Amino acid sequence: MRRRTALAAILTAALGLSACGGSAEDPNTISVAYHRYGNTLQVDALMQRVKQQYEQANPGKFVKLDPVVAPESEYLSKLQLRMRSESTAPDVLYEDSFNVNSDVEAGYLLALDDRLARWPDWNSSYIGTTKQAGKAADGRIYGVPLDTDTRGLWYDRRLFAEVGLPEEWKPRTWDDILAAARQIKQKRPDAIGIDMPLGKAEGESVSMQTVEMLLYGTETGTLYDEQQRKWVVPSKGFTDAMGFISTAVGENLTQSKPQIADAQYDKNQRDQLAREGKVGIRLDGSFASGNWQDSGWTDWTKTMSATPMPTQFGQAPGTVTLSGGWTLAVSAASDKPDDSFAFITQALSADNVVQYSAATGNLPARADAAADPRVTEANPLNRFWIGLLANTHYRPALPEYPKVSEEIQKSVLDVVAGRPPAEVSDQWSQQVSRIVEPANTRAG
């Protein structure tokens, strides 16, 4: 049994939470911390189901569910507070793939490679690219993906037909996207040509969903060179991505600058405008339709379609997508890692993943679940979005990435404000070089 520190007691009292150390005192009980708020209620339903399954399959073993009821940003901060002390750290945690590296660097997570090697499903059932979600900079796996997503271009078929664009739209280049957005604005001035995350309040969505979806489609092709282990700065691809944004904003093809500056735009306007038929193209994720469904827009399939994001000039491989998602991980402080991993494998059985994916609209990381009719028939576009996983990218699995991402977001704000793309790109290169150190960069 571990000593309870004064700091742990203070943190527990401050958060109004029962110390997970209570389960540490019981060798037969594991604690599971996860997010329960808003559209994560399905996570709670999954955990409740798995608790019953695990306890039935393992007589004498018990699970203490420890949901954190808070907005996502608060969930992450509260979870990290718990992880700072062995007496408050849960055994199993619901971990955003975005945070895996920072939590590994802090010593919070347990490497799972040896256990995964003994779990047949890992090699036989998981989609290869999705395994990157829980991989850290040291090459080891710390989180097993619960779900994933992909990104591309949503578009309004009715609006397209109204302005003379094809209802089966397949752009081959960035110029094709801009040409369609111009045609929409010319014939429907009240509509947005192309909506994409650009505002300060949209944070990581600006980096991943806008800039990196562009950057990874350039001839530079990446933010970080895995083979050479170097950040790609300066980057012609980054300059070109800034140029695309500059053109789209400068020609009023995107949402307006007041909308970009509005911290509530994504929450209060983006989906409503799409529902009203006032958005032609939307650079967004597979998860968007789940949000529409939850908000009551149940007939979105009558108007909305999706198509892959093309590369800049149509060069191979022709399309680009990025993925994220959530994982289940084991705390490095857990004294019951085997029981904790057994809970994870139970949670991520094919049937549980199918039920969870069908209920949430999130994409499964398991190939067998992705092929299950309950998933493919839950959403008419699921086959399309799942198909993009074969060639997806993940953000660089490096501790420096969050700071690099902040600089990407600042660059977009500068471009929106009217600064020249080349000048913004040059400043970004200097800032990234400072963050990662010049020896860890190469030009591209």
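In the annotation of an unreviewed UniProt entry, the protein is listed under the name Extracellular solute-binding protein and assigned to Saccharopolyspora endophytica.

Colleague: Which parts of the structure should I look at to understand the pairing of strand β9 (residues 279-285)?
Modeller: Strand residues, when the strand is regular, have side chains that alternate between the two faces of the sheet. Buried residues dominate β9, accounting for seven of its seven residues. As judged from the five bridges shared by strand β5 (residues 151-156) and β9, these two strands associate in the antiparallel manner. Note on β9: the bridge partner recorded for Tyr-155 is Ile-281. Bridge analysis of strand β6 (residues 192-195) against β9 gives three bridges, and the strand direction is parallel. Its bridge partner lying in β9, Ile-194 is registered against Ile-281.

Colleague: Can you walk me through the packing of helix α10 (residues 204-215) against helix α20 (residues 401-416) in this structure?
Modeller: When two helices pack together, their arrangement is captured by the angle between the axes and the distance separating the axes. Packing of α10 against α20 leaves a shortest axis separation of 8 Å and a crossing angle of 75°. Classified by the angle between their axes, α10 and α20 sit roughly perpendicular to one another. Between α10 and α20, the contacting residues are Glu-204, Val-206, Ser-207, Val-211 and Glu-212 on the first element and Tyr-401, Ser-405, Ile-408, Gln-409 and Val-412 on the second.

Colleague: Any chance you could explain the pattern of salt bridges here in plain terms?
Modeller: Pairs can form between side chains of opposite charge once their charged atoms are near each other. Counted under the stated rule, the structure contains 27 salt bridges. Taking the shortest distance from any N to any O, the salt bridge between Asp-44 and Arg-36 comes out at 3.6 Å. Linking Glu-202 and Arg-270 is a salt bridge whose minimum nitrogen-to-oxygen distance equals 2.5 Å. With Glu-202 in the loop between β6 and α10 and Arg-270 in helix α13 (residues 265-275), the pair connects residues that are 68 residues apart, well separated along the chain. Each member of the pair, Glu-202 as well as Arg-270, carries the same accessibility label: buried. Within the structure, one salt-bridge network assembled from shared partners comprises Asp-195, Glu-202, Asp-266 and Arg-270.

Colleague: What exactly am I supposed to notice about the packing of aromatic side chains here?
Modeller: Aromatic ring pairs: the centre-centre distance and the angle between the two ring planes describe each pair. One pass over the structure, following the stated rule, counts 20 aromatic pairs. Seen in terms of ring centroids, Trp-154 and Trp-385 are 5.2 Å apart; in terms of plane orientation they differ by 45°. Their pairing is tilted. Placement of the pair is Trp-154 in strand β5 and Trp-385 in helix α19 (residues 382-387), with a sequence separation of 231 residues. Residue classification places Trp-154 among the buried residues on the basis of a relative accessible area of 0%. Consider the rings of Tyr-224 and Trp-231, whose centres lie 5.1 Å apart with planes at 65°: the pair is edge-to-face.

The rules behind the values
- Throughout this description, residue numbers start from 1 for each chain and increase along the sequence as written.
- Local features in this predicted model are restricted to residues whose pLDDT is 70 or higher, and side-chain atom pairs enter the listing and the counts only when it is 80 or higher, whereas totals over whole chains, interfaces and linings include all residues.
- By convention in this description, side-chain values take in all heavy atoms of the structure and omit both hydrogens and water.
- When a residue's accessible area, from a 1.4 Å probe over protein chains only, is under 20% of the maximum for its type it is buried; when over 50% it is exposed; and in between it is partly exposed.
- Secondary structure elements are taken from DSSP: a helix is a run of H or I of four residues or more, a strand is a run of E of two residues or more, and numbering for both begins at the N terminus.
- Paired strands, in this sense, are two strands between which DSSP finds at least two bridges.
- Under this scheme, a helix contributes an axis fitted over its contacting stretch, all axes are lines through C-alpha atoms, and angles between N-to-C directions fall in the 0 to 180 degree range.
- Orientation categories follow fixed angle ranges, with anything under 35 degrees roughly parallel, anything over 145 roughly antiparallel, 65 to 115 roughly perpendicular, and all other angles oblique.
- Here, residues are in contact when the closest pair of their heavy atoms is within 4.5 Å.
- Criterion for a salt bridge: a side-chain nitrogen of Lys or Arg within 4 Å of a carboxyl oxygen of Asp or Glu.
- Classification of ring pairs rests on two measures: the distance between centres of Phe, Tyr or Trp rings, Trp counted by its six-membered ring, which must be within 6.5 Å, and the angle between planes, read as stacked under 30 degrees, edge-to-face over 60 and tilted in between.

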